[in-house]
Amino acid sequence: SFRYGDDLLENIHACGTEAQFLDIHLTRLKQSMQWLKMEVPAFFTLTAISGLITKLLNKNRIFGGACIQLTVFRNFAASGPHDFHSSEQSTVSFALVSVPLASDHYFLNPHGYTIDLYAEMPKPIQPLSFIKSTSALFYALADLYRDEKKLDDCILINEKGHLVESVHSNLFLLRDGMIYSPAIEEGCIPGVMRKILI
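A word on the overall build of the chain
So, step 1. On a plain count of helices and strands, the chain comes out with 4 helices and 9 strands.
So, step 2. Each helix and strand of the chain, ordered N terminal to C terminal, gives the series β-β-α-α-β-β-β-α-β-β-β-β-α.
So, step 3. Relative to a compact globule of 198 residues, whose C-alpha radius of gyration would be 16 Å, the chain shows 18 Å and is just as compact.
So, step 4. Projecting the C-alpha coordinates of the chain onto the three principal axes gives extents of approximately 55 × 40 × 30 Å.

What follows is the structure, given as structure tokens:
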């Protein structure tokens, strides 16, 4: 995956050694694996992954808020210089990494954000736009723009000029008691919090 970016990731919030909304994360991950012709291992169950996350957090002594990064990558076994991928190479391996967070709760920012549009490179609308991959050059460039402009976040636009998402989150608009969010067909990542709110 380091050589070809042929991998997927899920950033999972954990609280008190328990992963939050893990079923939604795993559903999205498995769907993306199928799109990328990766074999979904039989042990990729809610119970098994939840148990591994709890074990990892206990091992690392993280008992408050944590971010768990679950990365799935295609196993690579090239027999020649041009044998990068083949239909037989669909098996995967995965890694779990835990990082402690300052808080174990979700909260709204009471001060607001300084934001701007990132329009230098519109996000294309295509099937790969919906996949959360570590091949995140688009997001890395948008985040560099955010940092250079001293912003809290940037809103990304698609090739039609429509608002899609931010560098770090899906977009939501609250108006007259209704919550609105850009459609998946606009090219946004189908975020977990987005699904929960909808």
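Structural notes on the packing of aromatic side chains
Working definition: an aromatic ring pair is given by the centre-to-centre distance plus the angle between the planes.
So, step 1. Within this structure, the stated rule accounts for 6 aromatic pairs.
So, step 2. Residues Phe43 and Phe44 carry aromatic rings whose centres are separated by 5.7 Å and whose planes lie at 65° to one another, so their mutual orientation is edge-to-face.
So, step 3. In this structure Phe43 comes out as partly exposed when scored by relative accessible area, which is 45%.
So, step 4. An angle of 85° between the planes, with centres 5.4 Å apart, marks the rings of Phe138 and Tyr139 as edge-to-face.
So, step 5. Here the aromatic cluster, defined as three or more aromatic residues joined through ring pairs, consists of Tyr118, Phe138, Tyr139 and Tyr145.

Brief notes about the sheet that holds strand β5 (residues 115-123)
So, step 1. The strand order across the open sheet built from 3 strands is β5-β6-β7, with neighbouring strands paired in mixed fashion. Every interior strand has two partners, whereas the edge strands, β5 and β7 (163-166), have only one. Taking each pair of neighbouring strands and ignoring which way they run, the sheet shows an average axis angle of 35°.
So, step 2. The pairing of β5 with strand β6 (residues 153-158) spans 5 bridges and is parallel. Following the sheet pairing, Ile115 is matched in β6 by Asp153.
So, step 3. The sheet strands contacting helix α3 (residues 137-148) are β5, β6 and β7, and the helix crosses β5 at an angle near 145°.

So, the pattern of salt bridges
It is possible for side chains bearing opposite charge to pair when their charged atoms get close.
So, step 1. All chains considered together, the criterion is met by 4 salt bridges.
So, step 2. Note that Lys123 and Glu165 form a salt bridge whose closest N and O atoms lie 2.6 Å from each other. Separated by 42 residues along the polypeptide, Lys123 in strand β5 and Glu165 in strand β7 bring together distant segments of the chain. Across the pair, Glu165 and Lys123 agree in class, each one buried.

What to know about helix α1 (residues 22-35)
So, step 1. Between its first and last C-alpha atoms α1 spans 20 Å; for 14 residues at 1.5 Å apiece the expected length is 20 Å, and the two agree.
So, step 2. Taken together, the buried positions of α1 are occupied by Leu22, Ile24, His25, Leu26, Arg28, Leu29, Ser32 and Met33.
So, step 3. Residues of α1 that are buried sit in contact with β1 (7-15), β2 (18-19), α2 (46-59), β3 (65-74), β4 (92-100) and α4 (192-197).
So, step 4. Phi for Lys37, located one or two positions after α1, is positive at around 60°.

Concerning the nonpolar core
So, step 1. Grouped together as the largest cluster of nonpolar side chains are 23 residues, with contacts concentrated most on Leu29, Met33, Ile53 and Ile68.
So, step 2. Residue assignment for this core shows that the elements contributing at least two residues are β1, α1, α2, β3 and β4.
So, step 3. One finds Ala142, Leu151, Cys154 and Leu156 within the second-largest nonpolar core, a separate group that totals 8 residues.

Cut-offs applied
Residues numbered from 1 in each chain as written. Predicted model: local features only at pLDDT ≥ 70, side-chain atom pairs only at ≥ 80, totals over all residues. Heavy atoms only, no water. Helix = DSSP H or I, 4+ residues; strand = E, 2+ residues; numbered from the N terminus. Rg over C-alpha atoms; globule rule 2.2 N^0.38 Å. Phe/Tyr/Trp six-rings, centres within 6.5 Å; stacked < 30°, edge-to-face > 60°. Buried < 20%, exposed > 50% of the residue type's maximum accessible area, 1.4 Å probe, protein only. Pairing = 2+ DSSP bridges. Axes fitted to C-alpha atoms, helices over the stretch in contact; angles between N-to-C directions. Contact = heavy atoms within 4.5 Å. Salt bridge = Lys/Arg side-chain N within 4 Å of Asp/Glu carboxyl O. Expected span 1.5 Å × (residues − 1). Core = buried A, V, L, I, M, F, W, Y, C linked by side-chain atoms within 4.5 Å.

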